[in-house]
Amino acid sequence: MDLIVHALGALSPLNLALALLGVTAGIVIGALPGLSATMAVAVLVPVTFGMAPESALIMLGAIYTGAIYGGSYSAILVNTPGTPSAIATTFDGYPMARRGDGDLAVTLSTIASVVGGLVGVLALLLLAPLLAQVALSFGPVEYFWLAIFGLTLISALSEDSTLKGFMGAGFGLLLSTVGVAVIGGDIRYTYGSPVLLGGIETVSALIGLYCIPVLIDLVATPAAHLKVDGVSRGVRFREGMAIAIKGKLNLLRSATIGTGVAILPGAGGSIASLVSYSEARRVADEPASFGKGNPQGVLATEAANNATVGGGFIPTLVLGIPGTPPDAVILGALLVQGFRTGPELFTTNAGITYTFVAGLFLATCLLLPLGLLIGRYAFKSIISIPKALLVPTIAFMTVIGTYAIRNSASDVVIMLCLGVLGWVLNRYGFRPSPIVLGLILGPIAEQGFVQGFLMGRASGSLFATFFGGPISLTIIALSLLSVFYPMVKARREARRQDKTINGEASP
Amino acid sequence: MSAVHNRSTGHDTSTGHNTSAAGKKKHAIQASCSRASEYLLPTLFVAGAALCLWETREMSQLGAVFPAVISLVVIVAGLLRLGQLGLRGVVANHERGSDSSSDPSSDSSSDASSDSGSGSTPRRLALVGIMLAWALALPWLGFLLTGLASFVGLMVVAQYRRWSPRRLAGHLLTGAMLVAFFYALFALVLNVPLPAGRWFTL
């Protein structure tokens with residue numbers, strides 16, 4: 001009963017309007033190639049600072065949902081993923097558009113996104129309270145290991161090199177120690193600068209790391225002439241529904257994979273959609289038709305990437321450990337608001353949580369009408385926004401947004417410096433996600449580590465404190481697995497390639 | 001892509017036989033950019049982490065333990081990476097370096113010589129320069145003035161086609177409207193005290 005009362009809170013006119021606004025803004029930014037969902041959230045986060053926590057959460061969730069979905073338009077119609085999570089959508093979406101089924105592909109992606117999104121929200125509603133129960137027994141050491149697990153996972157997943165991922169994560173962790181220490185009160189790495197005394201503000205750092213590199217690369221080349229393939233004839237909703245119903249197992253499997261991947265700390269939509277795409281191809285009757293315009297490919301990727309929205313909120317809200325990169329930004333925004341995540345979100349703060357879950361549900365449902373309308377009528381004008389307006393607008397929002405967090409012009413300078421540094425590092429194969437996760441998880445990891453250290457010293461056995469508990473051991477095992485699994489995999493693959501010379505032909 | 005590949009082949013289990021050293025040699029590491037940079041970056045990370053480690057000696061034990069451990073991890077990761085590069089060898093990423101600028105304006109000669117890959121380096125620098133000037137001038141000149149000035153500046157940096165009077169007027173008008181809109185949103189609706197400019201209030 002309580003649940004319904006709280007859920008009705010999401011239906012207040014303000015929250016409805018915010019959800020609508022968020023989804024629309026998200027779709028527009030997501031549809032623009034080069035602007036990711038993480039960036040959509042980062043650029044718009046400052047707008048939410050003045051709001052009540054539940055309204056802010058609803059708006060951020062709506063932006064996230066819209067952006068992940070919006071990425072599919074460009075993937076299907078111009079063969080350029082609007083967001084990284086839509087990369088796999090180009091595999092089948094674009095061939096569909098080329099043979100004149102672009103409108104159908106957009107409809108399918110809309111249906112899949114709504115289904116995936118709803119599965120994710122359902123998982124959030126059902127699994128988060130369970131995880132909260134477990135999380136109640138977590139002590140500082142467990143939180144420390146969880147943070148480490150998130151960092152090892154994201155490092156192992158960085159496409160270039162695990163070791164580069166580790167260096168990036170370490171860099172992020174060191175950045176998080178700048179300023180006054182959480183425990184002990186040491187002043188660290190400020191080099192006498194009063195500006196750094198308060199530490200590096202997380203959200204402004206995230207804005208810098210995610211938005212500035214994009215801006216730098218946007219101005220470096222002239223606007224690409226994106227040609228929309230295929231004439232849209234209509235919405236073809238009925239046809240789309242028929243295909244979706246035929247592929248219901250595929251939809252559910254992909255949405256489940258998406259949710260599962262998102263629950264893992266740090267891994268987001270791009271990984272989820274690639275994994276579910278390859279699973280859909282593996283179990284299909286005619287795997288060869290994938291990549292040539294099989295509608296099931298579009299269903300699989302889009303269901304998976306939208307399921308990451310709800311799934312990613314599970315660890316974000318319950319543990320304060322971001323499930324996906326956009327969640328890292330949202331978590332930072334919540335911290336700015338002084339909103340504490342944790343198991344109490346399902347007890348004392350249940351009102352906010354359930355209102356938010358209902359809002360996310362609402363935003364996902366709004367995708368259907370909004371998505372079909374924008375995909376049909378507005379996509380062409382969105383991708384033809386001239387760079388000469390896009391670049392200054394985004395730049396303006398990063399500056400005003402960063403300034404608004406602490407009313408500090410120095411934060412803007414720090415944001416910019418980190419952005420330039422992030423661009424340079426990204427160029428040499430150090431991705432921003434490990435750095436960002438390190439920055440976000442730094443305080444959690446340090447607090448857990450130092451408290452564990454104190455507890456261990458008091459009880460006389462450091463080893464037993466850190467490696468004693470069953471939960472700790474499980475998390476450590478998972479971390480080790482995440483580091484060494486790709487290595488084993490790479491070796492096996494190398495051997496396989498040695499054996500089969502025509503490795504390209506076999507899937 | 002690798003995720004697809006990994007997962008699709010990842011169902012048979014393997015205990016991992018030791019691959020021969022000769023097998024390793026075949027799979028030289030693909031650099032993200034040039035070969036030298038692939039060695040330079042880990043070296044810089046090791047140096048930076050060593051500096052951070054050095055500085056922990058002035059902190060209390062509680063404050064030092066975390067940054068010290070992290071610095072050590074970074075140093076180890078950096079050294080491992082250098083070792084890996086040395087053992088397996090590096091190939092430069094030609095795909096990235098060779099792509100000469102597709103940018104019709106300004107100097108294309110300096111682009112080809114610097115190892116910045118595709119795109120216009122002067123424009124990149126101009127963007128960073130304008131944004132830095134913006135951030136530094138913010139407290140002095142106020143939000144509205146710096147906002148408008150940088151908006152126009154960035155507009156020029158991002159524009160590749162020729163300005164026709166109509167396009168220029170249209171862009172300027174849209175820009176002014178956007179700045180006004182966001183200013184109103186933050187200053188009036190969200191109650192963020194935006195700087196009015198110290199020079200004007202003196």
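Residues numbered from 1 in each chain as written. Chains lettered and ligands numbered in written order. Predicted model: local features only at pLDDT ≥ 70, side-chain atom pairs only at ≥ 80, totals over all residues.

## Concerning the overall build of chain B
- Counting secondary structure elements, chain B contains 10 helices and 2 strands.
- For chain B, the N- to C-terminal ordering of α and β elements is α-α-β-α-α-β-α-α-α-α-α-α.
- Here chain B holds 202 residues, and 25% of them are scored as buried.
- For chain B, contacts bridging at least 24 residues in sequence account for 61% of all contacts bridging at least 6. (Helix = DSSP H or I, 4+ residues; strand = E, 2+ residues; numbered from the N terminus. Buried ≥ 20, exposed ≤ 12 C-beta atoms within 10 Å, placed from the backbone. Contact = placed C-beta atoms within 7 Å.)

## What about the overall build of chain A?
- Helix and strand content of chain A: 20 helices and 2 strands.
- Whereas a compact globule of 507 residues would reach a radius of gyration of roughly 23 Å, chain A reaches 22 Å, a difference of no more than 12%.
- Overall size of chain A, expressed as C-alpha extent along the three principal axes, is 70 × 55 × 55 Å.
- Expressed as a percentage of its 507 residues, the buried residues of chain A come to 63%. (Rg over C-alpha atoms; globule rule 2.2 N^0.38 Å.)

## Here's the deal with the nonpolar core
- Counting residues in hydrophobic clusters, the biggest one holds 210 residues, and the most contacted among them are Val-41 and Leu-215 of chain A.
- Ranked by residue count, the leading element in this core is helix 5 (residues 87-135) of chain A, at 22 residues.
- Built from parts of two domains, this core gets at least three residues from each of domain 1 (24-97) and domain 2 (121-201) of chain B.
- If near-sequence neighbours (up to four positions away) are discounted, Leu-215 of chain A is found in contact with Val-391, Ile-394 and Ala-395 of chain A together with Leu-127 of chain B. (Core = buried A, V, L, I, M, F, W, Y, C linked by C-beta atoms within 7 Å. Domains from an automatic or database assignment.)

## Remarks on the domain arrangement of chain B
- Segmentation of chain B into domains returns domain 1 (24-97) and domain 2 (121-201).
- Between the C-alpha centres of domain 1 of chain B and domain 2 of chain B the distance comes to 39 Å.

## Thoughts on the interface of chain B and chain A
- The interface of chain B with chain A comprises 73 residues on the first partner and 70 residues on the second.
- If you tally residues by element for the side of chain B that touches chain A, the top one is helix 4 (residues 61-88) of chain B, at 14 residues.
- Here the side of chain B that touches chain A is built from residues that sort into 40 nonpolar, 27 polar and 6 charged. (Nonpolar A, V, L, I, M, F, W, Y, C, P; charged D, E, K, R; others polar.)

## Things to note about the confidence of the model for chain A
- On average, residues of chain A score 87 in pLDDT, and 96% of them reach the 70 mark or higher.
- The low-confidence segment residues 503-507 of chain A (pLDDT under 50) makes 4 contacts with residues lying over four places distant or belonging to another chain. (pLDDT = per-residue confidence, 0-100.)

## A few points about helix 7 (residues 162-176) of chain A
- In this model, helix 7 of chain A (15 residues) spans 21 Å end to end at C-alpha, consistent with the 21 Å of a helix rising 1.5 Å per residue.
- Taken across its 15 residues, helix 7 of chain A has 15 buried, putting it largely inside the fold. (Expected span 1.5 Å × (residues − 1).)

## Some remarks on unusual backbone geometry
Residues and elements named next belong to chain A.
- Residue Asn-79 is not a glycine yet carries a positive backbone phi of 60 degrees.
- Within the secondary structure, Asn-79 is located in the loop between helix 4 (53-78) and helix 5.
- By the C-beta count within 10 Å, which is 18 here, Asn-79 ends up partly exposed.
- A positive phi angle, close to 50 degrees, is found at Tyr-189, a residue other than glycine.

## Let's talk about the UniProt feature "transmembrane region" (unreviewed entry) in chain A
- The positions that UniProt labels "transmembrane region" (unreviewed entry) are, in the present scheme, residues 104-127, 134-157, 163-183, 195-216, 352-375, 387-406, 412-428 and 466-488 of chain A.
- Across residues 387-406 of chain A, helical content stands at 100% and strand content at 0%; the span's end C-alpha atoms are separated by 30 Å. (UniProt positions renumbered as here; feature names shortened; annotations may be inferred.)

## Quick word on the packing of helix 5 of chain A against helix 11 (residues 248-263) of chain A
Residue and element names in this part refer to chain A.
- Interaxial distance between helix 5 and helix 11 falls to 9 Å at its minimum, and their mutual angle equals 50 degrees. Judged by the inter-axis angle, helix 5 sits oblique to helix 11. As for the relative orientation of helix 5 and helix 11, their crossing is right-handed in sense. Where helix 5 abuts helix 11, its residues Ala-112, Val-115, Gly-116, Val-119, Gly-120 and Ala-123 lie against Leu-251, Ser-254, Ala-255, Thr-256, Gly-258 and Thr-259.
- Residue composition of the contact of helix 5 with helix 11, by class: 6 nonpolar, 6 polar and no charged. (Axes fitted to C-alpha atoms, helices over the stretch in contact; angles between N-to-C directions. Parallel < 35°, antiparallel > 145°, perpendicular 65-115°, else oblique. Left-handed = near helix turned anticlockwise from the far one by under 90°.)

## Quick look at the UniProt feature "transmembrane region" (unreviewed entry) in chain B
- Per the UniProt record, "transmembrane region" (unreviewed entry) is found at residues 62-80, 125-158 and 170-192 of chain B.
- Annotated as residues 62-80 of chain B, this span is 100% helix and 0% strand, and its ends, taken at the C-alpha atoms, are 28 Å apart.

## A short note on the environment of Pro-325 of chain A
All names here are of chain A.
- Along the polypeptide, Pro-325 turns up in helix 14 (residues 325-336).
- On the basis of neighbour count, Pro-325 is assigned to the buried category, with 31 C-beta atoms found within 10 Å.
- Put simply, Pro-325 and Gly-342 are 17 residues apart on the chain and 19 Å apart in space, counted from C-alpha to C-alpha.
- Contacts of Pro-325, omitting those with residues within four sequence positions, involve Thr-38, Gly-268, Ser-433 and Val-436.

## Digging into the environment of Leu-131 of chain A
Residues and elements named next belong to chain A.
- With respect to the helices and strands, Leu-131 occurs in helix 5.
- Its 17 C-beta neighbours within 10 Å are what place Leu-131 among the partly exposed residues.
- Between the C-alpha atom of Leu-131 and that of Val-318, which follows or precedes it by 187 residues, the distance is 7.0 Å.
- Among residues more than four places away in sequence, those in contact with Leu-131 are Ile-314 and Val-318.

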